[in-house]
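For reference, the chains in residue letters:
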Amino acid sequence: IFFMSQLQSTRSTFDISSLCCTTTTLDKMSSLKQVAALLSAILFLRVAPSSATTQFVSVSGTKILDESGQELLINGINLGNWLVWEGYSMMGDLKYRTHSEFLSSLSHALGGDSRAAEFEHQWRLNYVDERAIADLSNLGFNSVRVPFNFKLFYRDGHIVDGGFEYFDRVIGYCRSHSMYVLLDMHGAPGFQNPGDHSDNVDSNADQPRDTVKFWDGNNIKLAASIWKHIASYYRNEPVVWGYDLINEPVPQSGREYELLPSYVEMGNAIREVDPNHIIVAEGSWWGSDLTKIDWMDSFTQQKTGISKSWDSKLVYQIHHYGLPSDIYGREQITQKLNIPIIIGAYGEDNENNLLAITDLAKQTLKGYFSWSFKKMSHDNCLWTIPPNNAYKQVKAFINNGGTPPTHLYLNMTNFAQVNVKNGHSS
């Protein structure tokens, strides 16, 4: 795994433009270390503190405050491609490919759904481990954003606890390394955007907006119920600083003003069980357009019926992939609303742009999360995981067909257990 670049942060004096590519090595663990790791995993199993004695990250006007009431700049990074696979990262191309579609391809390649599910599970156990969080903390980051799909908490028509296994692990690691967690519903019921990262299996490379059905049927209600379930579980957890309701919403044309009422519905569900945590809401059109959720705008008021702040602990979020100068002006909306603003995803192009947006965020916003900390096949991140021979053969089968390489199941499982970890010698 190659160390590629480093963002400046308030706890680090590194300059992103001064870093060069280096190679890390994987120390072989002795059996004693393996036992110690197991004990560590047991020790951080979640025991919820009492809200009566616990302080939480909060807001005051346009500021985010830490547990002691001091202003907090969120200098974070996304844990992309961990719980939500993206086709370009898993396959090294730009073809439209959702998490579910890639999982189905693995099932064909490896010899069945159970084998694909085991690869997915091992990936999730090892892609983000304590070493990864420690590395991020040592680089100066104080928060991670955790993209997840609603299906981690919904199966066969019922809300389930499946996602807590992975959430608890990363929260435990972050607690040990003085970091915060922002939970991000990256894939919502009915698909909140036409992108593959929302797991929109009805969409394609053209990204037609008529495939977005989050605002139809009972999907908002289901998302609200899942958030209520998550919030009830973590209501007293101070490591979690907020709930990012849905990632990069893109309502169907003409329905953009349904976004704000849907946020209110999900926020109200959270508040039924959790008065402690911050609610994070993103702008329309891939997170870029805050006007559709500006409750002080007269046209928004007319379209939504909402004319005042809809929560007392609220942060608005933008996403931006482009020139840093295009960000200016969006903070004026949140200044008018008297709430904080952060940028939740940016990067993906070049280090100069990455650094420029980071510096801009420090000066004019209240936090930032670059995309992403680690990827397969791409080097515009901190660490890159190169595919080994077994993975390359599976990719070739997915792309070209032929005889399924079922004999590679154990090799692929080992890849998910070993190669995806920070510090692996590849």
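Each value, and the rule that gives it
- Residues numbered from 1 in each chain as written.
- Predicted model: local features only at pLDDT ≥ 70, side-chain atom pairs only at ≥ 80, totals over all residues.
- Heavy atoms only, no water.
- Axes fitted to C-alpha atoms, helices over the stretch in contact; angles between N-to-C directions.
- Helix = DSSP H or I, 4+ residues; strand = E, 2+ residues; numbered from the N terminus.
- Parallel < 35°, antiparallel > 145°, perpendicular 65-115°, else oblique.
- Left-handed = near helix turned anticlockwise from the far one by under 90°.
- Contact = heavy atoms within 4.5 Å.
- Nonpolar A, V, L, I, M, F, W, Y, C, P; charged D, E, K, R; others polar.
- 1 Å grid on protein atoms, 1.4 Å probe; cavity = no way out; pocket = protein on both sides within 12 Å on 5 of 7 lines; lining within 4 Å.
- Points joined across faces, edges and corners; volume = space filled by probe spheres on them.
- Phe/Tyr/Trp six-rings, centres within 6.5 Å; stacked < 30°, edge-to-face > 60°.
- Buried < 20%, exposed > 50% of the residue type's maximum accessible area, 1.4 Å probe, protein only.
- Lys NZ or Arg CZ within 6 Å of the ring centre and 35° of its normal.

Q: Could you give an account of the packing of helix α4 (residues 113-126) against helix α14 (residues 409-419), naming the residues involved and the relevant values?
A: As a packed pair, α4 and α14 sit with axes 7 Å apart at the nearest point and diverge in direction by 20°. As summarised for this structure, α4 and α14 are arranged roughly parallel, according to the angle between their axes. For the crossing formed where α4 meets α14, the hand is right-handed. Contact residues: α4 offers R115, E118, F119, Q122, W123 and N126, while α14 offers Y409, M412, T413, F415, A416 and Q417. When its residues are assigned to classes, the contact of α4 with α14 shows six nonpolar, four polar and two charged.

Q: Outline the layout of surface pockets, listing residues and values.
A: When its volume is computed, the second largest pocket comes out at roughly 600 Å³. Around the second largest pocket sit 25 residues that line it, and E86, H197, E248, Y321 and E348 are the ones nearest its centre. Along the lines of polarity and charge, the residues of the lining of the second largest pocket split into nine nonpolar, nine polar and seven charged.

Q: Requested: an account of the packing of aromatic side chains, with residues and values cited.
A: Where two aromatic rings form a pair, the distance of their centres and the angle of their planes describe that pair. Counted under the stated rule, the structure contains 24 aromatic pairs. When the centroid spacing of 5.2 Å and the interplanar angle of 80° are considered together, the rings of F148 and F167 count as edge-to-face. Here F148, found in strand β6 (residues 143-149), pairs with F167, found in helix α6 (residues 164-176); they are 19 residues apart in sequence, far enough to count as distant. Residue F148 is classed as buried on the basis of its relative accessible area of 0%. Classification of F167 by relative accessible area gives buried; the value is 0%. Here the aromatic rings of Y391 and F415 are separated by 5.1 Å at their centres, their planes lie at 35°, and the arrangement is tilted. Placement of Y391 in helix α13 (residues 389-400) and of F415 in helix α14 is noted, with a sequence separation of 24 residues between them. For F415, a relative accessible area of 0% puts it in the buried group. Taken together through their ring pairs, the aromatic side chains of F148, F153, F164, F167, W227, Y233, Y234 and Y243 make up a single cluster. We note K374 situated over the ring of Y127; from NZ or CZ to the ring centre the distance is 4.6 Å.

Purely geometric numbers; function is a separate question.
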